[in-house]
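Chain residues, written in single-letter form:
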Amino acid sequence: MSLKKILTIAGSDTSAGAGMQADLKTFQEYNTYGMVALTAVVAMDPETWGHDVTPLPIELLDKQIKTALSIGPDAIKTGMLGTEEIIERAAKAFEDSDAAFFVVDPVMVCKGEDEVLNPGNTDAMIKYLLPLATVVTPNLFEAGQLSGLGKLTTIEQMKEAAKIIHERGAKHVIIKGGKALESDEALDLYYDGETYTLLTTDKFQSSYNHGAGCTFAAATTANLALGKSPREAVIAAKGFVASAIKHGWKMNEFVGPVQHGAYNNVEKIEVTTKEV
Ligand SMILES: Nc1ncnc2c1ncn2[C@@H]1O[C@H](COP(=O)(O)OP(=O)(O)OP(=O)(O)O)[C@@H](O)[C@H]1O
Ligand SMILES: Cc1ncc(CO)c(C=O)c1O
Ligand SMILES: [Mg+2]
């Protein structure tokens, strides 16, 4: 059997819990072949862990995308894109490819950083990425931005936001209540244009969860490439990332990454689903 090939168009997180490093580790856990077109480099100040984000020149991204498309990815995922120009280029990469699946993780802020990377990016994501997305994976804040509804605090508001994001072209929407929604459980809402399904696991420690969002979207992409339906893919991805969070670890006084291999090597967490 030939390996499924997945391209991530994403940034580099030097600490390697999030970003393209999380994507590659996750693709490997699923025995898929990961490739990268790098958009930006994130370095952290060792004294404060403040993030320093440097976008790469668009010509350099272009060359990487050409290389990766010549290899023929079965699925493409996007992570941190950083500028409107890069967002447009990532959409074109999917259009120019023969990939069957396009998973958009609409990264707007990094955990622990309140500042939106670039406000104009939201409009570019709505214009270029949502119409092509097989699955889009916003967190609560990003879903509020992509829907235009602003702050979301209830499941009913998440449903409204999912409907608007679906109308904007994304075929499958999963809004991660996860860390941000006030609840004893970790709740995500999935919408396929017909049915709203709540995905639930226990809520585990949240001190060492760096990279959870990237890992969730990467696991979704791998599951799609391996032949699961979008619904099955997001359910599997949620179990995968819940295990990774439960077994996250302390890296230093500022941050702790998820353990990307925990689902396969330590413990498999079950996910429950309910129509709402
Ligand atoms: N404490 C927790 N316990 C269990 N699952 C969690 C917890 N926190 C988040 N999750 C799950 O992890 C996944 C990612 O959610 P999260 O809210 O961390 O995304 P994100 O904000 O995009 O993360 P990141 O900042 O890493 O990009 C979701 O499936 C969410 O439900
Ligand atoms: C490269 C890169 N991509 C995505 C994210 C968001 O989790 C981060 C957060 O730190 C990051 O560094
Ligand atoms: Mg995220």
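Not measured: the values here are computed from a predicted model. Along each chain, residue indices are assigned from 1 in the same order as the chain's sequence is written. Going through the entries in the order they are written, you letter the chains from A and number the ligands from 1. Residue-level local features of this predicted model are given only where pLDDT is at least 70; pairs of side-chain atoms are given and counted only at 80 or more, and the full residue set underlies all totals for whole chains, interfaces and linings. Hydrogens and water are ignored here; the side-chain numbers use all heavy atoms of the structure.

> Even after reading the chapter, I still don't get the overall build of the protein, so can you show me in this structure?
By definition, any uninterrupted DSSP run of H or I lasting at least four residues is a helix, any uninterrupted run of E lasting at least two residues is a strand, and each is numbered from the N terminus. Counting its regular elements, the protein contains nine helices and ten strands. Since a compact globule built from 276 residues should have a radius of gyration of about 19 Å, the 17 Å found for the protein is in line with a globular shape. The principal-axis extents of the C-alpha atoms in the protein amount to approximately 45 × 45 × 45 Å. To sort residues, take the accessible area from a 1.4 Å probe on protein chains only and compare it with the maximum for the residue type: under 20% means buried, over 50% means exposed, and anything in between is partly exposed. Across the 276 residues that make up the protein, the buried fraction comes to 53%. Sequence separation of 24 or more characterises 68% of the internal contacts of the protein that already satisfy a separation of 6 or more. Carbon and sulfur atoms form 50% of the exposed surface of the protein, whose accessible area is close to 12,000 Å². One finds the centroid of the 25 positive side-chain charges in the protein at a distance of 4 Å from the centroid of its 36 negative side-chain charges. Each radius of gyration reported is based on C-alpha atoms, and the globular scaling rule is 2.2 Å times the count of residues to the power 0.38. Any two residues whose heavy atoms approach within 4.5 Å at even a single point are treated as in contact. Per-residue accessibility takes into account occlusion by the displayed protein chains alone, with areas from the Shrake-Rupley method and a 1.4 Å probe. Charge convention: Lys and Arg are scored as positive, Asp and Glu as negative, and His as well as the terminal groups of each chain are ignored. Just so you know, the charge point we use is NZ for Lys, CZ for Arg, CG for Asp and CD for Glu.

> Help me understand the nonpolar core, please; the structure alone is not making it clear to me.
The nonpolar side chains of a soluble globular protein tend to be buried with one another. In terms of nonpolar packing, the biggest core is built from 44 residues, with Ile-9, Leu-129, Val-136, Ile-165 and Ile-175 touching the most fellow members. Considering each element in turn, this core owes the most residues, six residues, to helix α3 (residues 84-96). Ignoring anything within four residues of it in the chain, the contact list for Ile-175 reads Pro-138, Asn-139, Leu-140, Ala-143, Met-158, Ala-161, Ala-162, Asp-188 and Leu-189. We define a nonpolar core as any set of buried Ala, Val, Leu, Ile, Met, Phe, Trp, Tyr and Cys residues linked to one another through side-chain atoms lying within 4.5 Å. By size, the runner-up hydrophobic cluster in this structure holds 26 residues, among which are Val-135, Tyr-190, Leu-224 and Val-258.

> For this particular structure, what's the right way to read the pattern of salt bridges?
Once their charged atoms are close, side chains differing in charge can pair, the charge on each being opposite to the other. The term salt bridge refers to a side-chain nitrogen of Lys or Arg lying within 4 Å of a carboxyl oxygen of Asp or Glu. In the structure shown here, the tally under the stated rule is nine salt bridges. The closest approach of N and O atoms between Glu-156 and Lys-159, which form a salt bridge, is 3.7 Å. Note that Glu-156 and Lys-159 are positioned in helix α6 (residues 155-167) at a spacing of three residues, about one turn of the helix. Of the residues examined, Glu-156 reaches a relative accessible area of 51% and is grouped as exposed. Taking relative accessible area as the criterion, Lys-159 reaches 14% and is therefore assigned buried. The shortest N-O distance in the salt bridge between Glu-167 and Lys-163 comes to 3.0 Å. Note that Glu-167 and Lys-163 are positioned in helix α6 at a spacing of four residues, about one turn of the helix. The exposure class assigned to Glu-167 is exposed, which follows from its relative accessible area of 57%. A relative accessible area of 38% means that Lys-163 is categorised as partly exposed.

> Can you walk me through the pairing of strand β4 (residues 75-78) in this structure?
Burial of β4 is two-sided: the residues Ala-75 and Lys-77 facing one way and the residues Ile-76 and Thr-78 facing the other way are all buried. By the bridge criterion, four bridges tie β4 to strand β5 (residues 101-104) in an arrangement that is parallel. Residue pairing for β5: Ile-76 is matched across the bridge by Phe-102. With strands facing away from the observer, any crossover in which the path from the first strand over the helix to the second runs clockwise is taken as right-handed. Handedness of the β-α-β unit built from β4, α3 and β5 comes out right-handed. By definition, two strands form a pair when at least two bridges between them are found by DSSP.

> For this particular structure, what's the right way to read the confidence of the model for the protein?
One rule of thumb: low pLDDT means the predicted coordinates there are not for detailed reading. Think of pLDDT as the predictor's per-residue confidence, scored from 0 to 100. This prediction gives the protein a mean pLDDT of 95; 97% of its residues lie at or above 70. Both scores are given for the predicted complex: the pTM is 0.98, the ipTM 0.99.

> Before we go on, may I ask you to explain the environment of Thr-83 in this structure?
Counting through the fold element by element, Thr-83 comes out in the loop between β4 and α3. Here Thr-83 falls in the partly exposed class, since its relative accessible area comes to 22%. Among all residues touching Thr-83, those that are not within four sequence positions of it are Pro-55, Asn-118 and Asn-121.

> How do you make sense of helix α4 (residues 120-129) when you look at a structure like this?
Residues separated by three or four positions in an α-helix point in the same direction, a consequence of the helix having 3.6 residues per turn. Every buried residue of α4 is listed here: Asn-121, Thr-122, Ala-124, Met-125 and Leu-129. Down the axis, α4 shows its buried residues gathered within 165 degrees of arc, on one side only. Opposite the buried face of α4, by more than 90 degrees, sit the exposed residues Asp-123 and Lys-127. Tucked into the core, α4 has its buried residues touching α3, β5 and α5 (140-147). Of all possible arcs, the one meant is that of the directions from the helix axis to the C-beta atoms.

> I would appreciate a short explanation of the sheet that holds strand β10 (residues 272-275) in the present structure.
Sheet architecture is open: ten strands sit in the order β3-β2-β1-β4-β5-β6-β7-β8-β9-β10, paired in mixed fashion. Looking at which strands have only one partner, the edges of the open sheet turn out to be β3 (51-55) and β10. Pairing of strand β1 (residues 5-13) with strand β2 (residues 33-44) involves eight bridges; the strand directions are parallel. Opposite Leu-7, over in β2, you have Met-35 as the bridge partner. Relative to β4, helix α7 (residues 212-225) is tilted by about 170 degrees, and along the sheet it contacts β1, β4, β5, β6 (135-136), β7 (172-176) and β8 (185-191). Only the contacting stretch of a helix is used when fitting its axis, a line to C-alpha atoms as for every element, and angles between N-to-C directions run 0 to 180 degrees.

> Just to check I follow, could you spell out the environment of Gly-120 for this structure?
If you trace the backbone, Gly-120 turns up in helix α4. Among the residues examined, Gly-120 registers a relative accessible area of 21% and is labelled partly exposed. It is 10.0 Å that separates the C-alpha atoms of Gly-120 and Gly-82, two residues lying 38 residues apart in sequence.

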